[in-house]
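Coordinate analysis (summary)
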Amino acid sequence: MNISSCHWLKRFVTTFMIGSLLSVGLQTAAYADVVSTAELAAQTQAETQRQQIGGFLARDDVRSQLLAHGVSPEAVEDRLDNLSAAEMQQLQDRMDEMPAGEGILGAVIGILVIFMLLDIAGVTDIFPAI
Amino acid sequence: MRDMRVATRLRLVALVFAGLLTACQTAPQSRQLTSNWPQSLPDAAVVADVPFFPQELYQCGPAALATALGASGVSVHPDALVDQVFVPGRQGSFQIEMVATGRSYNRLVYTIEPSLSALLTEVANGNPVLVLQNLGLDSLPQWHFAVVKGFERASSELVLNSGVIEDYRVALTVFERTWARAEHWGITLPEPGEIPATARFDRVLQSLVDLENTSGDFVVLSEYYRAAINRWSEEPELRMGYANLQLGNDFYREAANSYEQIVLLRPEYAPAHNNLAHALIELGELDEAAYHAEQAVRFGGEFKEIYANTLQQITRARAAQR
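To keep things clear, this report deals only with the structure shown in the data block. Along each chain, numbering runs from 1 in the same order as the chain's sequence is written. Throughout, the order in which chains and ligands are written sets their labels, letters from A for the former and numbers from 1 for the latter. Where totals are concerned, whole chains, interfaces and linings use all residues; where local detail is concerned, this predicted model gives features only for residues with pLDDT of at least 70, and gives and counts side-chain atom pairs only at 80 or more. Note: side-chain values were computed over all heavy atoms of the structure, leaving out hydrogens and water.

This next bit is on the packing of aromatic side chains. All names here are of chain B. In summary, the pairing rule links any two rings of Phe, Tyr or Trp, Trp by its six-membered ring, whose centres are within 6.5 Å, and it sorts them by plane angle into stacked for under 30 degrees, edge-to-face for over 60 and tilted for everything else. Per the stated rule, a full pass over the model turns up five aromatic pairs over all chains. Each ring, one from W37 and one from F151, has its centre 6.0 Å from the other, and the planes form 50°; the classification is tilted. Taken together, the positions of W37 in the loop between helix 2 (28–35) and strand 1 (44–46) and F151 in strand 6 (residues 143–152) put the pair 114 residues apart, joining distant regions of the chain. Taken individually, W37 and F151 each receive the classification buried, so the pair is uniform in this respect. Sitting over a ring, as applied to charges here, requires NZ of Lys or CZ of Arg to be within 6 Å of the ring centre and within 35 degrees of the ring normal. In this structure, R231 packs its charged tip against the face of W232, placed 5.1 Å from the ring centre. Strands here are runs of E lasting at least two residues and helices are runs of H or I lasting at least four, both read from the DSSP assignment and numbered beginning at the N terminus. To sort residues, take the accessible area from a 1.4 Å probe on protein chains only and compare it with the maximum for the residue type: under 20% means buried, over 50% means exposed, and anything in between is partly exposed.

Following this line, the structure appears as structure tokens:
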């Protein structure tokens, strides 16, 4: 990456972060001294997960993980917007261990592979040509 | 070379053996259900009007989510969901993004209790459940999303829209094993104005908060809040959520009325006094506001700094008026 595109990226990220800060700021500034529903909800839950302040870092991290997994840059911001802070945190912490539902067609292919292996090993003979 | 063949064979034998062992595993919840069918459950139920979208390769996530959204009154094609839930590098979709995307279509997304009886109760009440299954083995997982929409006691079967099959009937025991390998995970997306039959109030409240923070349509949220308050009329937090929603959307008089109801119900519930004070500030009723801020300070509790700030704000505003 050359210097100018790096600079452009930095500016983009900074602008974006300032934008996000502002929108969060506006939401809370309107009623700074109201007890929010989120606070009450946290209070009612035994397994309270106090939301971490590292939100922006989590967002950056999850963004780059999703991009690395092939999610398109056009779609990624919308996807991040849809996540709650707790969900963001979970994705950041353990995206690589999370199951990703793919489905039955995948299963069929998986079973084919197993039987092909079994065939190759001489345990089964489903594909006589192998 | 020979050693390698032996090692490969041993591994395959181990895998098949593991598979057979899994098959021998009991399905405890199914067994309990069939031997002792709950009186609250009908003998059979199938939710009507559940759409069906045959999945394309690896895309059970978008197909299952479109199915659940369709049953909840949101008409959306799986193709429109691919960009929001599909992760190409994993050839699949994450549970978290299924939940988040369901919310982005203005629906409450509720994760049910991890039990077959909760699952069947939801279905019996007309709420299909989107489930995650591991169709393979723990050591060779095959993750899959499907929608459970019916069951039949006589045959001990469930009815699913799954993959490329509409009305797929599967034995309760087989389903339980595949579901248990995915930690019995399931979500349901009730229509606005409805709350899942098996829901817990604290988790509904959290789901509502999450919905409010992502899409936050006032009308839809109001309908969910009113249904939840109907179900759990004694819980002040749900009423607070509704009143806060009204306040946040500048319906000050309605919000004040809602907070007043909570104060009547629970005279010493400080958060309601505090927030009522803010609604009254907006309405220009500073004397009343001061009274309720004082009450909040008096009863105190976890948010007492907030109450002190509210009172200060009112004192300043009154001083400025004079």
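More follows now that the structure is in view.
Here a strand pair is declared whenever DSSP counts at least two bridges between the two strands. Taken together, the three strands give an open sheet; going across it, the order is 1(A)-3(B)-2(B), and neighbouring strands pair in antiparallel fashion. The sheet terminates laterally at strand 1 (100–101) of chain A together with strand 2 (86–87) of chain B, the two strands that pair on one side only. Taken together, the two bridges between strand 2 of chain B and strand 3 (residues 92–94) of chain B define a ladder with antiparallel strand orientation. Along strand 3 of chain B, the bridge assignment pairs B:V87 with B:G92.

We now examine helix 10 (residues 236–248) of chain B. Given a helix with a known number of residues, its expected span is that number minus one, times 1.5 Å. Compared with the 18 Å implied by 1.5 Å per residue over 13 residues, the 18 Å span of helix 10 of chain B between its first and last C-alpha is a close match. All of the buried residues in helix 10 of chain B are B:P236, B:E237, B:L238, B:R239, B:M240, B:G241, B:Y242, B:A243, B:N244, B:L245, B:Q246 and B:L247. Where helix 10 of chain B is buried, its residues meet helix 2 (37–44) of chain A together with helix 8 (201–214), helix 9 (218–231), helix 11 (252–265) and helix 12 (270–282) of chain B. One or two residues past the end of helix 10 of chain B sits B:D250, with phi positive at roughly 65°. The criterion used for residue contact is that any of the two residues' heavy atoms lie within 4.5 Å.

Attention now goes to the environment of B:E191. All names here are of chain B. Topologically, E191 is positioned in the loop between strand 9 (186–188) and helix 8. What makes E191 partly exposed here is its relative accessible area of 36%. Distance from E191 to D287, taken between C-alpha atoms, is 41 Å for residues 96 residues apart in sequence. Residues within four places of E191 in sequence aside, it is in contact with A71, S72, G73, R107 and Y224.

Residues and elements named next belong to chain A. Counted as salt bridges are all cases of a side-chain nitrogen of Lys or Arg within 4 Å of a carboxyl oxygen of Asp or Glu. Summed over all chains, the structure comprises 15 salt bridges over all chains. Linking D60 and R63 is a salt bridge whose minimum nitrogen-to-oxygen distance equals 2.9 Å. Of this pair, D60 and R63 both sit in helix 3 (residues 55–68), three residues apart, which is roughly one turn of that helix. For R63, a relative accessible area of 13% gives the class buried.

Our next topic: the interface of chain A and chain B. Between chain A and chain B, the contact holds 48 residues from the first and 68 residues from the second. When two parts are brought into contact, each loses some accessible area as probed by a 1.4 Å sphere; the total of that loss over both is the buried area. When chain A packs against chain B, close to 4900 Å² is buried across both sides, 60% of that on carbon and sulfur atoms. Taken together, the links from chain A to chain B amount to two salt bridges. B:E97 is the partner of A:R79 in a salt bridge, and the nearest nitrogen-oxygen pair spans 2.5 Å. We define a polar contact as two N or O atoms separated by no more than 3.5 Å, with the added condition that, inside protein, one atom must be a possible hydrogen donor and the other a possible acceptor, whereas residues neighbouring each other in sequence contribute only through side-chain atom pairs. Across the chain A-chain B interface, the total number found is 21 residue pairs in polar contact (both at pLDDT 80 or more). Counting only elements with at least two residues in the side of chain A that touches chain B, the list comes to helix 2, helix 4 (73–81), helix 5 (85–94), strand 1 and helix 6 (104–121) of chain A. Here the side of chain A that touches chain B takes 10 residues from helix 6 of chain A, the largest share from any one element. Residue polarity is assigned by list, with Asp, Glu, Lys and Arg as charged and Ala, Val, Leu, Ile, Met, Phe, Trp, Tyr, Cys and Pro as nonpolar; anything else, Gly included, falls into the polar class. A per-class count over the side of chain A that touches chain B returns 25 nonpolar, 14 polar and nine charged. Summarising the sheet, strand 1 of chain A and strand 3 of chain B pair through two bridges and their orientation is antiparallel. Bridge pairing links A:G101 to B:S93 in strand 3 of chain B.

Residues and elements named next belong to chain B. In terms of burial, strand 5 (residues 129–134) is largely enclosed, as six of its six residues are buried. Side chains of strand 5 alternate between two faces, with V129, V131 and Q133 and L130, L132 and N134 buried alike. Looking at chain direction, strand 5 and strand 6 are connected through six bridges and run antiparallel. When the sheet's bridge partners are listed, L132 is paired in strand 6 with F145. Sheet analysis places strand 5 next to strand 9, joined by two bridges and oriented antiparallel. Opposite V131, over in strand 9, you have G186 as the bridge partner.

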